[in-house]
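Tertiary structure, described
Here is what each chain is made of, one letter per residue.
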Amino acid sequence: MRVIVFLNLPTALVAVLPILACSGCAGIGTSRWAMDDEVYAAKYDKPYSGNEGEKVARMIKQASDARYVDGRGGYYFGAAGADEPTALGAEIGRFEYAHPAVESRIGLKGLVGTGAEDWFAGLDLGLRAQSPSRLAPFAGIGTFIGGNTNSTLAVTDGRDNDDDGSIDERGERKADPEFMASVYPELGMHYWLTSDLRLTASAQYHFTTDGRDSDFWFIGFTLAFLDGPEVYEDP
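Residues numbered from 1 in each chain as written. Predicted model: local features only at pLDDT ≥ 70, side-chain atom pairs only at ≥ 80, totals over all residues. Heavy atoms only, no water.

Notes on the overall build of the protein
Assigned secondary structure in the protein consists of 3 helices and 11 strands. The order of α-helices and β-strands along the protein, N terminus first, is β-α-α-α-β-β-β-β-β-β-β-β-β-β. Counting all 235 residues of the protein, 42% fall into the buried class. Taking as baseline every contact in the protein between residues at least 6 positions apart, the subset at least 24 positions apart corresponds to 61%. Approximately 12500 Å² of the protein is accessible, and the part contributed by carbon and sulfur atoms is 61%. (Helix = DSSP H or I, 4+ residues; strand = E, 2+ residues; numbered from the N terminus. Buried < 20%, exposed > 50% of the residue type's maximum accessible area, 1.4 Å probe, protein only. Contact = heavy atoms within 4.5 Å. Areas by Shrake-Rupley, 256 points an atom, 1.4 Å probe, with all protein chains shown as cover.)

Here is the structure:
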């Protein structure tokens, strides 16, 4: 069994965060970015009032507020990569906001490469703490548990491994699955492109069960789609 861990935020993520930050600042110039969302609009559909200072303060608050995600969830998909050892991965899953600043997620992840130079498919679980804002830095923890269905030659073990009625025939193979697990800290940044579409850049450091020589950074991007708010009708 193997485990994965990340220790330092790599240069790739450091380069991406300022770009996202600049994009987030652009949102301050407009205060109506999420007015198509019913929950958000209900908070900010009143006309501006007060002096210019109060109007500007409300505009800045409104342009960065993402607390409307409270109690909602959605789906995400993404891809990531690593070097030393080289690895590629893809993931699809579900996220939930128990609080505007607390996000949990569960997904199916596939890895190719890793320190074992093999492929694995399994379950990825994570928890993140973040700012309840349109541009939202976060820190989190997660774990991956996966395996594969490899096989090896078995021509001298005296068994009919493939149930074909012959023992130790030429080319006979037997199942030899492998398993890997990892735990990782995570740092990253969310940016809400629209009220229901979120872009995320993240860096994870995986501590693997294969030993420290197999630990690696995993740098990735995901797109997430937020479900619409629940609508309650008075019968």
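Considering the side chain of Thr-200
Residue placement: Thr-200 occurs in strand β10 (residues 197–208). Within the structure, Thr-200 has its side chain in polar contact with the side chain of His-190 (distance 2.6 Å). Here Arg-198 takes part through its side chain, which lies 3.4 Å from a polar atom of the side chain of Thr-200. Apart from the residues within four sequence positions on either side, Thr-200 is in contact with Phe-138, Met-189, His-190, Gly-220, Phe-221 and Thr-222. (Polar contact = N/O pair within 3.5 Å; in protein donor to acceptor, adjacent residues only side chain to side chain.)

Thoughts on the pairing of strand β11 (residues 216–226)
Taken together, the 8 bridges between strand β2 (residues 73–82) and β11 define a ladder with antiparallel strand orientation. What sits directly across from Ala-80, in β11, is Gly-220. Strand direction decides the pairing type here: β10 and β11, joined by 10 bridges, are antiparallel. Looking at the pairing, Thr-200 lines up with Thr-222 of β11. (Pairing = 2+ DSSP bridges.)

Some details on the nonpolar core
Counting 15 residues, the largest nonpolar core has Trp-33, Tyr-40, Tyr-68, Val-69, Phe-95, Trp-192 and Leu-226 as its most contacted members. Among the secondary structure elements, those contributing two or more residues to this core are α2 (38–44), β3 (87–99) and β11. By residue number, the principal contributor to this core is α2, which donates 3 residues. In this structure Leu-226 touches Tyr-68, Val-69, Arg-72, Gly-73, Gly-74, Phe-95, Trp-192, Ser-195 and Asp-196, once residues within four positions along its chain are discounted. Ala-80, Phe-120, Met-180 and Phe-218 belong to the second-largest nonpolar core, a separate cluster that totals 9 residues. (Core = buried A, V, L, I, M, F, W, Y, C linked by side-chain atoms within 4.5 Å.)

A look at the pairing of β10
For a regular strand, the rule is simple: side chains alternate between the two faces of the sheet. With respect to burial, β10 is a largely interior element, 9 of its 12 residues being buried. In the sheet, strand β9 (residues 179–192) pairs with β10 via 9 bridges, with the strands oriented antiparallel. Looking across to β10, one finds that Trp-192 is bridged to Arg-198.

Focus on the pattern of salt bridges
Taken as a whole and judged by the stated rule, the model has 14 salt bridges. Note that Glu-103 and Arg-198 form a salt bridge whose closest N and O atoms lie 3.2 Å from each other. Note that Glu-103 is positioned in strand β4 (residues 102–113) and Arg-198 in strand β10, a separation of 95 residues in sequence. The pair formed by Glu-103 and Arg-198 is uniform in burial state, with each residue classed as buried. For the salt bridge of Arg-212 with Asp-215, the shortest nitrogen-to-oxygen distance reads 2.4 Å. By relative accessible area, Asp-215 is classed as buried at 7%. Because the salt bridges share partners, they merge into one network encompassing Glu-91, Glu-103, Arg-105, Lys-109, Asp-124, Arg-128, Glu-186 and Arg-198. (Salt bridge = Lys/Arg side-chain N within 4 Å of Asp/Glu carboxyl O.)

Comments concerning the confidence of the model for the protein
For the protein, per-residue confidence averages 78 on the pLDDT scale, and residues scoring 70 or more make up 69% of the total. Every residue in residues 12–30 scores below 50 in pLDDT, and together they form 25 contacts with partners more than four places removed in sequence or on other chains. (pLDDT = per-residue confidence, 0-100.)

Quick word on the packing of aromatic side chains
Within the structure shown, the criterion is met by 8 aromatic pairs. Each ring, one from Tyr-205 and one from Trp-217, has its centre 5.3 Å from the other, and the planes form 75 degrees; the classification is edge-to-face. Taken together, the positions of Tyr-205 in strand β10 and Trp-217 in strand β11 put the pair 12 residues apart, joining distant regions of the chain. By relative accessible area, which is 11% here, Tyr-205 ends up buried. Ring centres of Phe-216 and Phe-218 lie 5.6 Å apart, and the angle between their planes is 75 degrees; this geometry places the pair in the edge-to-face category. Assessed through its relative accessible area of 2%, Phe-216 is described here as buried. The ring of Tyr-75 carries Arg-94 above its face, with NZ or CZ at 4.6 Å from the centroid. (Phe/Tyr/Trp six-rings, centres within 6.5 Å; stacked < 30°, edge-to-face > 60°. Lys NZ or Arg CZ within 6 Å of the ring centre and 35° of its normal.)

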